[in-house]
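Single-letter residue listing:
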Amino acid sequence: MSGLPHSPHALVTGGGRGIGRAIAAALVQAGATVTVLGRNAATLEEAVNAGAAHFAAVADVSDEAALKAAIAEAHTRKPIDILIANAGSAESAPFAKSDGALFARMMDVNFMGVVHAISAVLPGMKDRPYGRIVAVASTAGLKGYAYVSAYVAAKHAVVGLVRSLALEMAGSNITVNAVCPGFTDTDLVAGSIDNIMKKTGRTREQAIAELAKHNPQGRLVTPREVADAVLWLCGEGAGAITGQAIAVAGGEI
């Protein structure tokens, strides 16, 4: 497997924790210069201090102006070759209780956050000899789940964006892909586990099993497994891979 070109600059949104931090750390280990971007400055600085990234940038991906300003500053430090659009959030509710505000929140973070980030990096990336855009979607971008219709709709939108943009970029040096993790052992999923416990009275072990049952391997995916898939897509050897939505889900899809 071909690795990364010499010291590319990668920007990872939502890079301070969970899957984003695992991706940032994997890119650092592979020789990239990594900037992690997110809302929590302390979490980002902790990632930098731990060696999981080189630089931190504070912005909310749903705030287009703030995000573009943070990315412009990162680009000034070193031109961006790789964008990992990972930031996201999930809220659950029956459709009948999912109002327009809930749908707007899920679209703003999970979809428009990806749109804003790509819009900010693409002009400079086109001038580079190599470019990689990877959106971290979800198996929710490939199938439906009950009680998270707004989240599922937003993640489906991400996958559609990836497939369309990949065709526009096919004549360039840039590839555009998505990875679609199943339930992964992160603090985001920990929130879902807490929610199941609260609403059903199940134990933590039972709640974890409720999520893990979606995976034919009978377990939660690890952040490093998602990071490894992203790292492969960022490598020079994956130059012919574009427009794909790759499930990292133990065979669920």
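Per an unreviewed UniProt entry, the recorded name for the protein chain is SDR family oxidoreductase, and the organism is Bradyrhizobium commune. For the record of the protein chain, the UniProt heading Sequence similarities (unreviewed entry) holds the text "Belongs to the short-chain dehydrogenases/reductases (SDR) family."

(A) Seen up close, the packing of helix α4 (residues 100-125) against helix α5 (residues 149-169). Running from amino to carboxyl end, α4 crosses α5 at an angle of 20°, the nearest separation of the two axes being 7 Å. Viewed along their axes, α4 and α5 adopt a mutual orientation that is roughly parallel. In this structure, α4 crosses over α5, and the sense of that crossing is right-handed. Across from Leu102, Phe103, Met106, Met107, Asn110, Phe111, Val114, Val115, Ile118 and Leu122 in α4, the residues of α5 making contact are Ser149, Ala150, Tyr151, Ala153, Ala154, Lys155, Ala157, Val158, Leu161, Leu165 and Met169. Per-class residue counts for the contact of α4 with α5 are 18 nonpolar, two polar and one charged.

(B) View of the UniProt feature "domain: Ketoreductase" (unreviewed entry) in the protein chain. UniProt marks residues 8-177 with the feature "domain: Ketoreductase" (unreviewed entry), using the numbering shown here. As a span, residues 8-177 carries 48% helix and 17% strand, and end to end its C-alpha atoms are 18 Å apart.

(C) Expanded view of the nonpolar core. Residues Leu37, Ile71, Leu83, Ile133 and Val176 are the most contacted members of the largest nonpolar core, which totals 34 residues. When contributions to this core are tallied by element, the ones reaching two or more residues are α3 (64-77), β4 (82-85), α4, β5 (131-136), α5 and β6 (174-181). The dominant element in this core, judged by the number of residues it contributes, is α4, at eight residues. The residues touching valine 176, leaving out its near neighbours within four places in the chain, are Ile133, Val162, Leu165, Ala166, Met169, Thr242, Gly243 and Gln244. In terms of nonpolar packing, the next biggest core, distinct from the first, is built from 31 residues, Ala32, Val36, Leu44 and Val230 among them.

(D) Representation of the sheet that holds β6. Sheet architecture is open: seven strands sit in the order β3-β2-β1-β4-β5-β6-β7, paired in parallel fashion. Two strands lie at the open edges of the sheet, namely β3 (55-58) and β7 (245-248), each paired on one side alone. Neighbour-to-neighbour, the strand axes of this sheet turn through a mean angle of 20°, independent of strand direction. Pairing between strand β1 (residues 9-13) and β4: three bridges, direction parallel. Looking at the pairing, alanine 10 lines up with isoleucine 82 of β4. The strands that helix α8 (residues 223-234) touches are β4, β5, β6 and β7; relative to β6, the one it contacts most, it runs at about 165°.

Thresholds, definitions, all that
- Residues numbered from 1 in each chain as written.
- Predicted model: local features only at pLDDT ≥ 70, side-chain atom pairs only at ≥ 80, totals over all residues.
- Heavy atoms only, no water.
- UniProt positions renumbered as here; feature names shortened; annotations may be inferred.
- Axes fitted to C-alpha atoms, helices over the stretch in contact; angles between N-to-C directions.
- Helix = DSSP H or I, 4+ residues; strand = E, 2+ residues; numbered from the N terminus.
- Parallel < 35°, antiparallel > 145°, perpendicular 65-115°, else oblique.
- Left-handed = near helix turned anticlockwise from the far one by under 90°.
- Contact = heavy atoms within 4.5 Å.
- Nonpolar A, V, L, I, M, F, W, Y, C, P; charged D, E, K, R; others polar.
- Core = buried A, V, L, I, M, F, W, Y, C linked by side-chain atoms within 4.5 Å.
- Buried < 20%, exposed > 50% of the residue type's maximum accessible area, 1.4 Å probe, protein only.
- Pairing = 2+ DSSP bridges.

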